[in-house]
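For reference, the chains in residue letters:
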Amino acid sequence: MRIAVVGGSLAGLVAATLLGRRGHEVIVLDRDDLAPAGDLEAAAATAFRAGAPQIVQLHVIRPLGRLPVREHLPDVYAGWLDAGVVEYSLAQQMPPTLADRSPRPGDDELTMLLFRRSTIDWVIRRTAAAEPRVTLCSGVRVTGLTATAGDPPRVTGVTTDAGTVEADLVLDASGRRTRIDQWLRGIGARPTEVTAAECGVAYYTRYYRLRPGATLPGSPATVVNLPMRRFMLAMFGCDHDTVGLCLVPPAEDRAFKAVRDPAAFTAVARTVPQAAAWLDAMDPETDIYPMGDLHNTLRRLVVDGTPVASGILAVGDSLCTTNPTFARGIAFALQEVIHLAEAVGEYPVEELTKVMDELTSTRIEPWFADQAAIDAARLAALRRALRRTSASAESAASGGPAGPAGPADGRVDLASLRQAAGFDPELFRAQVRLLGMLTPAEEILADPVVVRRVREILASVDPPPLPDPSDEELAAALAAR
Ligand SMILES: Cc1cc2nc3c(=O)[nH]c(=O)nc-3n(C[C@H](O)[C@H](O)[C@H](O)COP(=O)(O)OP(=O)(O)OC[C@H]3O[C@@H](n4cnc5c(N)ncnc54)[C@H](O)[C@@H]3O)c2cc1C
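In this text the structure is predicted, and so the values were computed from the model without any measurement.

**Brief notes about the overall build of the protein**
Point 1. Along its length, the protein carries 17 helices and 22 strands.
Point 2. For 481 residues, the compact-globule estimate of 2.2 N^0.38 gives 23 Å, and the C-alpha radius of gyration of the protein, at 23 Å, lies within 12% of that figure.
Point 3. The dimensions of the protein, computed from C-alpha atoms along their principal axes, are 65 × 55 × 50 Å.
Point 4. Taken over 481 residues, the protein has a buried fraction of 54%.
Point 5. Carbon together with sulfur atoms contributes 53% to the accessible area of the protein, which is approximately 19,800 Å² in total.

**Focus on the pairing of strand S15 (residues 242-248)**
Point 1. Counting buried positions along S15 yields seven of seven residues, so the element is predominantly enclosed.
Point 2. By the alternation rule, side chains of S15 split into Thr242, Gly244, Cys246 and Val248 and Val243, Leu245 and Leu247, which are all buried.
Point 3. Summarising the sheet, strand S12 (residues 203-210) and S15 pair through six bridges and their orientation is antiparallel. Each bridged residue has a counterpart across the sheet, and for tyrosine 208 the counterpart in S15 is valine 243.
Point 4. If you look at the hairpin formed by strand S14 (residues 232-237) and S15, you'll find four residues sitting between the two strands, and histidine 240 has a positive phi there, around 50 degrees.

**A word on the site of the ligand**
Point 1. Inspection of the region around the ligand gives 35 residues, with Ser9, Asp30, His59, Val60 and Asp317 positioned closest.
Point 2. For the ligand, an oxygen atom lies 2.6 Å from a polar atom in the side chain of aspartate 30.
Point 3. The contact in question runs from an oxygen atom of the ligand to an N or O atom on the side chain of glutamine 54, over 3.0 Å.
Point 4. Considered on its own, the ligand offers 1,000 Å² of accessible surface; in the complex 96% of this is hidden by protein.
Point 5. Put simply, the parts of the chain that give the shell around the ligand at least two residues each are helix H1 (10-21) and helix H10 (329-343).
Point 6. Of the residues belonging to the shell around the ligand, the class tally is 16 nonpolar, 10 polar and nine charged.

**A short note on helix H14 (residues 425-435)**
Point 1. Burial analysis of H14 places nine of its 11 residues in the buried class, which makes it a mostly covered element.
Point 2. Three or more residues of H14 are buried, namely Pro425, Leu427, Phe428, Arg429, Ala430, Gln431, Val432, Leu434 and Leu435.
Point 3. Among the residues of H14, the N-terminal cap falls to aspartate 424, whose side-chain oxygen and the backbone nitrogen of glutamate 426 are separated by 2.8 Å.

**Looking at the environment of glutamate 131**
Point 1. With respect to the helices and strands, glutamate 131 occurs in the loop between helix H6 (117-130) and strand S6 (134-137).
Point 2. On a C-alpha basis, the gap between glutamate 131 and valine 5 in space is 15 Å, while along the polypeptide they are 126 residues apart.
Point 3. Leave out the neighbours within four places in its chain, and glutamate 131 touches Thr17 and Arg21.
Point 4. Within the structure, the side chain of glutamate 131 is placed 2.8 Å from the side chain of arginine 21, a separation counted as a polar contact.

**Description of the environment of leucine 298**
Point 1. Summarising the element assignment, leucine 298 is placed in strand S18 (residues 295-300).
Point 2. The spacing of leucine 298 and glutamate 342 is 44 residues in sequence and 23 Å in space, taken between C-alpha atoms.
Point 3. Setting aside anything within four residues of it in sequence, one finds leucine 298 in contact with Glu193, Val194, Thr195, Leu319, Cys320, Thr360, Ile364, Glu365 and Phe368.

**Quick look at the domain arrangement of the protein**
Point 1. You can read the domains of the protein as domain 1 (2-197 + 294-370), domain 2 (203-293) and domain 3 (401-465).
Point 2. The gap between the C-alpha centroids of domain 1 and domain 3 is 31 Å.
Point 3. Facing the 24 residues of domain 1 at the interface are 20 residues of domain 3.
Point 4. Buried area between domain 1 and domain 3, both sides added, is near 1,800 Å², and the carbon and sulfur share of it is 71%.
Point 5. Taken as a group, Leu98, Leu110 and Trp367 account for 29% of the area that domain 1 buries against domain 3, more than any other trio of residues on that side.
Point 6. The partner of arginine 433 in a salt bridge is glutamate 109, with the nearest N and O atoms 3.4 Å apart.
Point 7. For the pair domain 1 and domain 3, the number of links is eight residue pairs in polar contact (both at pLDDT 80 or more).

**Some thoughts on the nonpolar core**
Point 1. Counting residues in each nonpolar core, the largest one holds 50 residues, and the members touching the most others are Val14, Leu19, Val28, Trp80, Ile120, Leu171 and Leu340.
Point 2. Dropping the residues within four chain positions of it, valine 14 is found in contact with Leu73, Ile124, Leu334 and Val337.
Point 3. Among the nonpolar cores identified, the runner-up in size contains 33 residues, and Met94, Leu414, Leu434 and Val450 belong to it.

**Some remarks on the packing of helix H3 (residues 63-72) against helix H4 (residues 74-82)**
Point 1. Where H3 meets H4, the axes come as close as 5 Å, and the angle between the chain directions of the two elements is 115 degrees. Note on element contacts: H4 touches H3 through Pro74, Val76, Tyr77 and Trp80, opposite Arg66, Val69, Arg70, Glu71 and His72.
Point 2. Here the residues of the contact of H3 with H4 sort into five nonpolar, one polar and three charged.

**Regarding the confidence of the model for the protein**
Point 1. Taken over all residues, the pLDDT of the protein has a mean of 93, while the share at 70 or more is 96%.
Point 2. Across residues 392-406 the pLDDT falls below 50, and counting only partners more than four positions away or on other chains, this stretch makes 13 contacts in the model.

**Overview of unusual backbone geometry**
Point 1. With an omega dihedral of 5 degrees, the bond running from aspartate 151 to proline 152 counts as a cis peptide bond.
Point 2. Among the secondary structure elements, proline 152 is positioned in the loop between strand S7 (142-148) and strand S8 (154-160).
Point 3. Its identity is not glycine, yet aspartate 241 carries a phi of approximately 60 degrees, on the positive side.
Point 4. Residue placement: aspartate 241 occurs in the loop between S14 and S15.
Point 5. Backbone geometry places aspartate 293, a non-glycine residue, at a positive phi of 55 degrees.
Point 6. Take aspartate 293: it is sitting in the loop between strand S17 (289-291) and S18.

Quick notes on the rules
Residues numbered from 1 in each chain as written. Predicted model: local features only at pLDDT ≥ 70, side-chain atom pairs only at ≥ 80, totals over all residues. Heavy atoms only, no water. Helix = DSSP H or I, 4+ residues; strand = E, 2+ residues; numbered from the N terminus. Rg over C-alpha atoms; globule rule 2.2 N^0.38 Å. Buried < 20%, exposed > 50% of the residue type's maximum accessible area, 1.4 Å probe, protein only. Areas by Shrake-Rupley, 256 points an atom, 1.4 Å probe, with all protein chains shown as cover. Pairing = 2+ DSSP bridges. Near = heavy atom within 4 Å. Polar contact = N/O pair within 3.5 Å; in protein donor to acceptor, adjacent residues only side chain to side chain. Nonpolar A, V, L, I, M, F, W, Y, C, P; charged D, E, K, R; others polar. Contact = heavy atoms within 4.5 Å. Domains from an automatic or database assignment. Buried area = accessible area lost by both parts, 1.4 Å probe. Salt bridge = Lys/Arg side-chain N within 4 Å of Asp/Glu carboxyl O. Core = buried A, V, L, I, M, F, W, Y, C linked by side-chain atoms within 4.5 Å. Axes fitted to C-alpha atoms, helices over the stretch in contact; angles between N-to-C directions. pLDDT = per-residue confidence, 0-100.

Listed below in structure tokens is the structure:
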């Protein structure tokens, strides 16, 4: 089969590699330059590109993303490790408050991966470029679809700014800003159905390199992830002695736009003692990369039981985006393209849209709904904090609107599980399985053993307070120049 892939980023290139290895002829079209850089540092230095601006933001791969790569693309997995990707084991993830750190069967599944995103992409690009049945075309922008009329229309290829490309199957892997609905309208098809929910966060990421001989308070392979009152701070060692540090405020907290300035970024990070200790041991390697306009979106190509068109599928961010702080996107994309590679050839093209939509229903939609609910609750809390610091005396006096409802009877919420997990090894594993998307959230949060243990622990221990700066300290840091 001849397959045209629109977009040669993670989803598009992994799909192309898997499909090429199954004997299909694959052409990947990307508006940006897909040529792999000469080495990893050159890849990092040239990582920013307009077609996928998130590449320079802090990324991790959760267990649901790591396990299928190890199984289905062992050469890519080995290439990642050779390139310096860090396997962050369960033992390393355990906080110091956990007394019982003894291993259990299955712990290996709970390893995460830490890296600069440019590093994993560099390996994937080289892998795809070496596939004999995969052709990579850089600098080609897809502008529409070609199709034969029908109900639904049958897609037969794509139009580009360099001509038409015929294909038996078109894979839209063009990311969060896909034009798929415009393209579908152009062939007389119905648009897809999109559900959207607010993430409400902005990202500011900067990379550093550890100074030779400098020592950190702990291992660089430690994910510091502090969800504080006014912002979240995430920081961890990536490959080759680099460290990523990310500030994630609510998108609507306009005061945080100041952290585009290196002095303000550093001052805000330094209000957090763990970050200050790391900053003493490393030098900035990059500018500060801001990113906003982040949404949870879920796209369905089967609407009212019928595909909007046949011969076209969507994968990766074109299909679903979720709040990046939960690091779910790569795992979703990998699930989808592995399932797709197995389905192509097994089903006629006309049935593939439905086959993939079933995967969306069972494996993607529940996590999308989970994310939308988490974000709604977290945003309500952040907005209350923001309102309290605003000039409005009225709002400060009232404390703002009521917060999200507490957990329903018979279940706990993720925030409570996270607090209690620091004191119980089984709850810690349950939390990692949930965040790693190996076990459905509802299954864990409504598990009677989990519920009982969380309540017992939260009634008997005081979780250590977060190192939250006061509003005055934060205002001073944001004003630094
Ligand atoms: C701030 C941030 C942090 C994130 N952190 C994590 C994380 O820690 N872990 C995680 O799992 N996920 C994370 N994600 C999500 C992750 O980045 C995405 O899920 C993943 O990159 C999706 O890859 P993709 O291939 O679907 O799309 P993209 O990487 O967006 O690639 C789309 C490609 O399509 C090309 N393209 C677009 N339009 C056209 C066109 N018309 N013609 C030709 N080519 C076109 C672009 O040039 C680009 O190469 C994060 C996202 C953001 C925004």
